[in-house]
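# Survey of secondary and tertiary structure
Below are the chains, spelled out letter by letter.
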Amino acid sequence: MCEPEDNPDIGPITLLQLAILRLTEVEVHGTDLDLGLGLCDWSDPFIDAALPMRIAWLPRRRTPGQTPSGSWNLVATDGPSFNVAVSQGVVSASPGKTFQADATISGPKADLLGLLLGRVDVADLDTAGDEATARRFATVVPPP
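Not measured: the values here are computed from a predicted model. (Residues numbered from 1 in each chain as written. Predicted model: local features only at pLDDT ≥ 70, side-chain atom pairs only at ≥ 80, totals over all residues. Heavy atoms only, no water.)

Let's shift gears to the overall build of the protein. Tallying secondary structure elements over the protein gives four helices and five strands in all. In sequence order, the secondary structure elements of the protein are arranged as α-α-β-β-β-β-α-β-α. Burial analysis of the protein (144 residues in total) assigns 40% to the buried set. A separation of at least 24 residues holds for 60% of the contacts in the protein among residues at least 6 apart in sequence. For the protein, the exposed area adds up to about 7,900 Å²; of that, 56% sits on carbon and sulfur atoms. (Helix = DSSP H or I, 4+ residues; strand = E, 2+ residues; numbered from the N terminus. Buried < 20%, exposed > 50% of the residue type's maximum accessible area, 1.4 Å probe, protein only. Contact = heavy atoms within 4.5 Å. Areas by Shrake-Rupley, 256 points an atom, 1.4 Å probe, with all protein chains shown as cover.)

In structure tokens, the structure reads:
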């Protein structure tokens, strides 16, 4: 599937990605509607599918104008780790073993997904390394 040529924000998308986006609407916006759902209530299948997809999509995001460089290890205390780096406005991201980064942000995988979706603040997670870089994550790699 492809987006309209005059609005190619996401680019080509698979049916699996489309299903995860629909599930995101249900799970995340159920929280927004104050239906008694919270981050801890997001289903594990949703988190396990959405977190790596959102990490993989980070390079597609447009970073703000004069984006400062930085690198982060995102470490799920109950799941996988991911590496994110920004250099000259270009975002790179990968799963796997952590590399030497400016800052490490760690917490439950639901909270890391919440961070990527703009629902959790870095201040609510554990950080190590350069604290200023850790706090800058959401402004350098803004949520969708």
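What follows continues from the structure just given.
Looking now at the sheet that holds strand β1 (residues 70–76). Pairing is mixed across the open sheet formed by five strands, whose spatial order is β3-β2-β1-β4-β5. Each edge of the sheet is formed by a strand with only one pairing partner; in this case those strands are β3 (90–95) and β5 (126–129). Between one strand axis and the next, the sheet turns by 20° as a mean value, whatever way the strands run. Sheet contacts for helix α2 (residues 44–57): β1, β2 (81–87) and β3; angle to β2, the most-contacted strand, approximately 20°. (Pairing = 2+ DSSP bridges. Axes fitted to C-alpha atoms, helices over the stretch in contact; angles between N-to-C directions.)

The next subject is α2. The terminal C-alpha atoms of α2 lie 20 Å apart, and with 14 residues this matches the ideal 20 Å at 1.5 Å per residue to within 8%. Among all positions of α2, only F46, I47, A50, L51, M53, R54, I55 and W57 are buried. (Expected span 1.5 Å × (residues − 1).)

Membership of the largest hydrophobic core comes to 35 residues, with the highest contact counts inside it found for W72, L74, V84, I105, L113 and F137. Within the residue set of this core, elements represented by two or more residues are α1 (15–32), α2, β1, β2, β4 (103–107), α3 (109–116) and α4 (131–140). Considering each element in turn, this core owes the most residues, seven residues, to α2. (Core = buried A, V, L, I, M, F, W, Y, C linked by side-chain atoms within 4.5 Å.)

This brings us to the environment of T127. Secondary-structure assignment places T127 in strand β5. Of the residues examined, T127 reaches a relative accessible area of 27% and is grouped as partly exposed. Ignoring anything within four residues of it in the chain, the contact list for T127 reads T104, I105, V122 and A134.

In the contact formed by α2 and α3, the axes pass within 10 Å of each other and the chain directions differ by 45°. With respect to α3, the axis of α2 lies oblique. For α2 against α3, the interelement crossing comes out left-handed. Listed contacts from α3 to D44, F46, I47, D48, A50, L51, R54 and I55 of α2 are K109, A110, L112, L113 and L116. (Parallel < 35°, antiparallel > 145°, perpendicular 65-115°, else oblique. Left-handed = near helix turned anticlockwise from the far one by under 90°.)

Here we come to the pairing of β2. Every other side chain in a regular strand lies on the same face of the sheet, so the side chains alternate between the two faces. By the criterion of burial, β2 is predominantly enclosed, with five of the seven residues buried. Pairing between β1 and β2: six bridges, direction antiparallel. Within the sheet, the bridge partner assigned to G70 lies in β2 and is V86. Counting the residues that bridge the hairpin from β1 to β2 gives four residues. Both β2 and β3 contribute to a ladder of six bridges, which runs antiparallel. Following the sheet pairing, A85 is matched in β3 by S92.

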